[in-house]
Amino acid sequence: MELFAPGHLLIILLIVVILFGGKKIPELMRGLGEGVRNFREGMSGNQQQNPPQPPAQQQQPPPPPTPPPTAQH
């Protein structure tokens, strides 16, 4: 038995159309497509153009000088 039969997919599609409306669905799919495209470009561009760099070390100020020890008798 299949997980999603064609009848199941039609019911899901009908519910999506009822919830979002016919005009909103193309906008949602366009946004989803742009997101996937940007993700792919970012992943491929990141590997090709920018080699991995070590994290930047933060400069810490040197500790304040300690006073010289005083001789006690």
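Residues numbered from 1 in each chain as written. Predicted model: local features only at pLDDT ≥ 70, side-chain atom pairs only at ≥ 80, totals over all residues. Heavy atoms only, no water.

Peer 1: Would you explain the overall build of the chain in this entry?
Peer 2: Helix and strand counts for the chain come out as two helices and zero strands. A buried classification covers 3% of the 73 residues belonging to the chain. Here the chain has roughly 7,700 Å² of accessible surface; of this, 64% comes from carbon and sulfur atoms. (Helix = DSSP H or I, 4+ residues; strand = E, 2+ residues; numbered from the N terminus. Buried < 20%, exposed > 50% of the residue type's maximum accessible area, 1.4 Å probe, protein only. Areas by Shrake-Rupley, 256 points an atom, 1.4 Å probe, with all protein chains shown as cover.)

Peer 1: Which parts of the structure should I look at to understand the pattern of salt bridges?
Peer 2: Side chains carrying opposite charge are able to pair once their charged atoms draw close together. For the structure on display, the rule yields one salt bridge. Residues Glu-27 and Lys-24 are paired through a salt bridge, measuring 3.7 Å at the closest nitrogen-oxygen approach. With Glu-27 and Lys-24 both in helix 2 (residues 24-49), this residue pair falls three residues apart, about one helical turn. Given a relative accessible area of 41%, Lys-24 falls into the partly exposed group. (Salt bridge = Lys/Arg side-chain N within 4 Å of Asp/Glu carboxyl O.)

Peer 1: What should I look at first to understand helix 1 (residues 6-20) in this one?
Peer 2: One full turn of an α-helix is made of 3.6 residues, so residues set three or four places apart face in the same direction. Counted at 1.5 Å a residue, the expected span for helix 1 with its 15 residues is 21 Å, and the 21 Å between its end C-alpha atoms agrees. Just downstream of helix 1, Gly-21 is the residue with a positive phi angle, here 85°. (Expected span 1.5 Å × (residues − 1).)

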